[in-house]
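Below, each chain spelled out in residue letters.
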Amino acid sequence: MPAAAAQGRLSRPGAHSAAGVSMAGSWRAKAQAGGMLLALLGWVSSCVTTFVPLWKSLSLDLNELEVWTMGLWQVCIAREEGVVECRAHGSFLALPPELRVSRLLMCLSNGLGLLGTLLAAPGLEGWTPCEDKPRLKRRLLLAGGATFGTAGMATLAPVSWVAYNTVLDFWDSTVPDIVPRWEFGEATFLGWFAGAFLAAGGLLLACSARATRASTPPVPACRQPPAAGHHPLPKPADLVI
């Protein structure tokens, strides 16, 4: 009985260590799944924001049956009959500076979102092709998270710039009150959500990659048994004079 109790006491630390590693692996898998879902949702929303003509909206008091909307690529007029007429912007150089820069940054964000997906997917838990290369999986996951975070910043910057100029133009005191003012469109809010989702997803993926490195259990040091026929020297306290 004492021997069995001693054996049970000796086996408990290993069981606790295995349970801790299992819980850490479960947390990493959930963090990676949540981060990838947020990043993909933000990337799709960013692509929609780039191409819909709903960055600004304008309602005419003289003609309430028409609603004007503007995007990065075209201007549209929606009439009460349900007819929508769109016209593309003339020249790229003739656009305001915020729209020119927003085109470039939003296209960059879309490309970075695709690149982040290709980098982060092989680093997820359960991806079998790279299962035997944990160091490579961790680096891919960290690179994908950083790429998603950069894509989020590239989305938030142009949307916030256009929104800032819209607010300045709306409260411009030099413009007469009878002149219609542009207001926020639906794509402005969608772009803010897209940038936040991309940044949050990239942060989760990067944190899960760091946790993967920190939770790797160290290899225990092995002690070699004494060779056959070799007797250890007695300690001075064991010598009887």
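Just so we're clear, the structure is a prediction, and the values are computed from it rather than from any experiment. (Residues numbered from 1 in each chain as written. Predicted model: local features only at pLDDT ≥ 70, side-chain atom pairs only at ≥ 80, totals over all residues. Heavy atoms only, no water.)

1. Focus on the side chain of T147
To keep it simple, the criterion reads: The helix count covers DSSP runs of H or I at least four residues long, the strand count covers runs of E at least two residues long, and both are numbered beginning at the N terminus. In what follows, residue pairs with any heavy atoms lying within 4.5 Å of each other are defined as contacts.
Positionally, T147 belongs in helix α3 (residues 134-170). Setting aside its immediate chain neighbours within four residues, T147 contacts L112, L115, G116 and L119.

2. A look at the packing of aromatic side chains
Note the cut-off: Within 6.5 Å between ring centres, the rings of Phe, Tyr and Trp (the latter by its six-membered ring) count as paired, and their orientation is classed by plane angle as stacked under 30 degrees, edge-to-face over 60, tilted in between. Burial status follows relative accessibility: with a 1.4 Å probe on protein chains alone, a residue under 20% of its type maximum counts as buried, one over 50% as exposed, and anything between as partly exposed.
Following the criterion strictly, the structure yields six aromatic pairs and no others. Between F51 and W73 the ring centres are 6.1 Å apart and the planes differ by 15°, which places this aromatic pair in the stacked class. A residue pair is termed long-range when its members are at least 10 positions apart, and F51 in helix α1 (residues 2-51) and W73 in the loop between β2 (66-70) and β3 (74-79) qualify at 22 residues. W73 sits in the partly exposed class, given a relative accessible area of 29%. These aromatic residues form a ring-pair network of at least three members: F184, F189 and W192.

3. Comments concerning the sheet that holds strand β1 (residues 56-59)
Using the following cut-off: Pairing between two strands requires that DSSP report at least two bridges joining them.
The strand order across the open sheet built from five strands is β4-β3-β2-β1-β5, with neighbouring strands paired in antiparallel fashion. In the strand order of this sheet, the two ends are held by β4 (84-88) and β5 (183-184), each with one partner. Of the strand pairs in this sheet, β3 and β4 are connected by five bridges, and their pairing is antiparallel. Counterpart to Q74 in the pairing with β4 is A88.

4. Here we look at the pairing of β2
Here β1 runs beside β2; their pairing, made up of four bridges, is antiparallel. Bridge pairing links S57 to T69 in β2. Note: β2 against β3, five bridges, orientation antiparallel. Bridge pairing in β3 links W68 to I77.

5. Points about the side chain of S45
Structurally, the position occupied by S45 is in helix α1. In this structure S45 touches L190 and A194, once residues within four positions along its chain are discounted.

6. Focus on a nonpolar patch on the surface
Filter applied, for reference: A patch consists of residues whose relative accessible area exceeds 30% and which take part in no salt bridge; residues with like charges are grouped when within 9 Å of each other, and nonpolar side chains (Val, Leu, Ile, Met, Phe, Trp, Tyr) when within 5 Å. Here the accessible surface of atoms and residues is derived via Shrake-Rupley with a 1.4 Å probe, and residues count as covered only by protein chains that are part of the display. A carboxyl oxygen of Asp or Glu within 4 Å of a side-chain nitrogen of Lys or Arg is what we treat as a salt bridge.
The grouping of V167, W171, F184, F189 and F193 at the surface amounts to a nonpolar patch, some 550 Å² of accessible area in total. You can see W171 is positioned in the loop between α3 and β5.

7. Some points on helix α2 (residues 97-120)
Inclusion rule: For a helix, the expected span equals 1.5 Å multiplied by the number of residues minus one.
Counted at 1.5 Å a residue, the expected span for α2 with its 24 residues is 34 Å, and the 34 Å between its end C-alpha atoms agrees. The complete set of buried residues in α2 reads E98, L99, S102, R103, M106, S109, N110, L112, G113, G116, T117 and A120.

8. So, the confidence of the model for the protein
Note the threshold: Summary of the metric used: pLDDT quantifies the predictor's per-residue confidence within the range 0 to 100.
Here the protein averages 80 in pLDDT, and 74% of its residues register 70 or above. Looking across the protein, the model is least confident in α1, with a mean pLDDT of 71, and most confident in α2, with 95. Of the regions scoring below 50 in pLDDT, residues 13-21 engages in zero contacts with residues more than four places distant in sequence or in other chains. Here residues 214-224 is a poorly scored stretch, pLDDT under 50, and it has two contacts once near neighbours within four places are set aside; other chains count.

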